[in-house]
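Residue strings, one per chain:
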Amino acid sequence: MIAKVVISKFQKVSKNFLLNLFASLLTTGVAQLVLYPVLAVLIPSEAYGELLTVMGIANTVAVACGGSLNNVRLILQEKYNEGSERGDFSVLLWGMTSISFFVLLLIFNLLYNQPLASSILVTLYSVLCLIKTYVQVEYQFKLQYERIVFSNLFVAAGNLLGLFALKMSNNVHLWPLPFVLGEIAGFFYLLFSTKIIKEKIKPTNFFPLVAKKEGILLLSAISANILVYLDRLLLLPLLGGRAVGSYTVASVFGKSLGILMGPLAGVLLSYYAQKGFKMNRKLFWKINFSTICMGILFSILSLIISPLFTKLLYPSLYEEAAPYLAIANISAIVGIMANMIMPSILKFVPTIWQLLVQGVYCVLYLGGGVLATRMYSLRGFAIMALVTSTVKLLLLFALGQIFIQGEE
């Protein structure tokens, strides 16, 4: 009887992971295999590096704000269900959306000198992606992962339609069009398939707890997501747009794997949020062991496949990226491993310690990254990125060992 229950739970988790993985494949596949390679051909390499940096900022804001709110809702959903009123999360969602729109528009137009049309489009993409990242939490806490597939199917279809519109316009200043139309299509699906997006904008007695938790997780998420794209933010002023393009293309295989594995972290957190779930140290290390095995396998695959993968998608940039393929991809894979451990840390470790780890990582990445880049150029940066990713992973292991109790 116990074996049947275990098998049933494993089948459900596996099914939801595969659905979430397929959903991610839809959007990641279109972006990495179609959108970015086509844009790399249409746009000169220096300008393409700037494009990657702008998209890095847009994605950082979207994923940090939307993702942190998503995680807070998952973590607090059991307690939130005890009340009858709703509206706290809507206050935060629409507040962050409004602020993000105006701040990003100014950053892209004034700081990065993007044309007004590009600035408006990429800002619109970012805020729509922010909304989607949060609202999909309804599918997660209801374990309706098939709806995430349909949502991302709409996004992917909109991406392809947008790419067609861009090529027809023959105006490279409209390069964000494929990304925007994808998010608009996904937004319409969310509008008709979720209730959470229609919740009242009204704070309740629960608001102080939600706001406090969101504030702490937002700081952690911003630092974490900035670091995902910090290579672009650091390399652009230090080495220029060509270096940004070279390193980004060099790490594209590893980062694509990271985007694909992201759904597993989301599935884990959604199950951790279910009523009655118990975590213990033994289970934590089982997850860690599986993660380490996955990292080794991915590293071997990257050494074999990434040269062919990169040359096929980015033939014009391959020669510049080739010297950094191995180390850039392994660094990205170590980052994937850290992301697989993060759901356990988010749910079962005091938030202040999460911030401390991100702070240490940020200081090492910024300080070491700048110093290594000035001394050894792009190779120095690649080595330091691997070192800091490894340090972060080890710190997460240590936090789980300290704070997650119980062996049974």
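Analysis parameters
Residues numbered from 1 in each chain as written. Predicted model: local features only at pLDDT ≥ 70, side-chain atom pairs only at ≥ 80, totals over all residues. Heavy atoms only, no water. Helix = DSSP H or I, 4+ residues; strand = E, 2+ residues; numbered from the N terminus. Buried < 20%, exposed > 50% of the residue type's maximum accessible area, 1.4 Å probe, protein only. Contact = heavy atoms within 4.5 Å. Areas by Shrake-Rupley, 256 points an atom, 1.4 Å probe, with all protein chains shown as cover. Core = buried A, V, L, I, M, F, W, Y, C linked by side-chain atoms within 4.5 Å. Salt bridge = Lys/Arg side-chain N within 4 Å of Asp/Glu carboxyl O. Expected span 1.5 Å × (residues − 1). Bend = angle between axes of the 7 residues up to and from the residue. Axes fitted to C-alpha atoms, helices over the stretch in contact; angles between N-to-C directions. Left-handed = near helix turned anticlockwise from the far one by under 90°. Nonpolar A, V, L, I, M, F, W, Y, C, P; charged D, E, K, R; others polar. pLDDT = per-residue confidence, 0-100.

Colleague: If you had to explain the overall build of the protein to someone new, which residues and values would you point to?
Modeller: Secondary structure summary: the protein contains 15 helices and zero strands in total. Out of the 408 residues belonging to the protein, those deemed buried represent 55%. For the protein, the share of sequence-separated contacts (at least 6 apart) that also reach a separation of at least 24 residues comes to 83%. Accessible surface for the protein amounts to roughly 18,200 Å². Of this, 72% is attributable to carbon and sulfur atoms.

Colleague: Requested: an account of the nonpolar core, with residues and values cited.
Modeller: In this structure, Tyr36, Tyr48, Leu51, Trp175 and Tyr314 are the most contacted members of the largest nonpolar core, which totals 109 residues. Broken down by element, the residue count for this core peaks at 15 residues, all from helix α2 (residues 45-80). Each residue touching tyrosine 48, except ones within four places of it in the same chain, is listed here: Tyr36, Leu39, Ala40, Ile43, Tyr314 and Leu317.

Colleague: Outline the pattern of salt bridges, supporting the account with residue identities and numerical values.
Modeller: Under the counting rule described, the total for this entry stands at three salt bridges. When the shortest N-O distance is used, the salt bridge between arginine 73 and glutamate 199 registers 3.0 Å. One end of the pair, arginine 73, is in helix α2; the other, glutamate 199, is in the loop between α7 (177-193) and α8 (207-228), and 126 residues separate them in sequence. When sorted by exposure, arginine 73 lands in the same class as glutamate 199, which is buried. Between glutamate 320 and arginine 242 there is a salt bridge, and its shortest N-O distance comes to 2.4 Å. Of this pair, glutamate 320 sits in helix α13 (residues 318-321) while arginine 242 sits in helix α10 (residues 241-250); the two residues are 78 residues apart in sequence, bridging distant segments of the chain. Classification of arginine 242 by relative accessible area gives partly exposed; the value is 42%.

Colleague: Describe helix α15 (residues 351-403), and please don't skip the residues or the numbers.
Modeller: Side chains that are three or four residues apart share a direction in an α-helix, a result of its 3.6 residues per turn. The end-to-end C-alpha distance of α15, which contains 53 residues, comes to just 11 Å, noticeably less than the 78 Å that a straight helix rising 1.5 Å per residue would cover. The principal kink in α15, of about 145°, is found at tyrosine 376.

Colleague: Describe in detail the packing of helix α4 (residues 116-135) against α7, supporting the description with residues and values.
Modeller: In the contact formed by α4 and α7, the axes pass within 9 Å of each other and the chain directions differ by 35°. The chirality of how α4 crosses α7 is left-handed. Taking contact as the criterion, the partners of Leu121, Leu124, Tyr125, Leu128, Cys129, Ile131, Lys132 and Val135 in α4 are, on α7, Leu177, Phe179, Val180, Glu183, Ile184, Phe187 and Leu190. Tallied by class, residues from the contact of α4 with α7 come to 13 nonpolar, no polar and two charged.

Colleague: Report on the confidence of the model for the protein, specifying residues and quantitative values.
Modeller: Per-residue pLDDT for the protein averages 82, and the proportion of residues at 70 or more is 87%. Under a pLDDT of 50 for its full length, residues 1-6 has, in the predicted model, zero contacts with residues more than four places off or in other chains.

Colleague: Describe the environment of cysteine 129, listing the residues and the values that go with them.
Modeller: As for its position among the elements, cysteine 129 is in helix α4. Put simply, cysteine 129 and glycine 186 are 57 residues apart on the chain and 8.9 Å apart in space, counted from C-alpha to C-alpha. Not counting the four nearest positions on each side in its chain, cysteine 129 is found in contact with Ala62 and Glu183.

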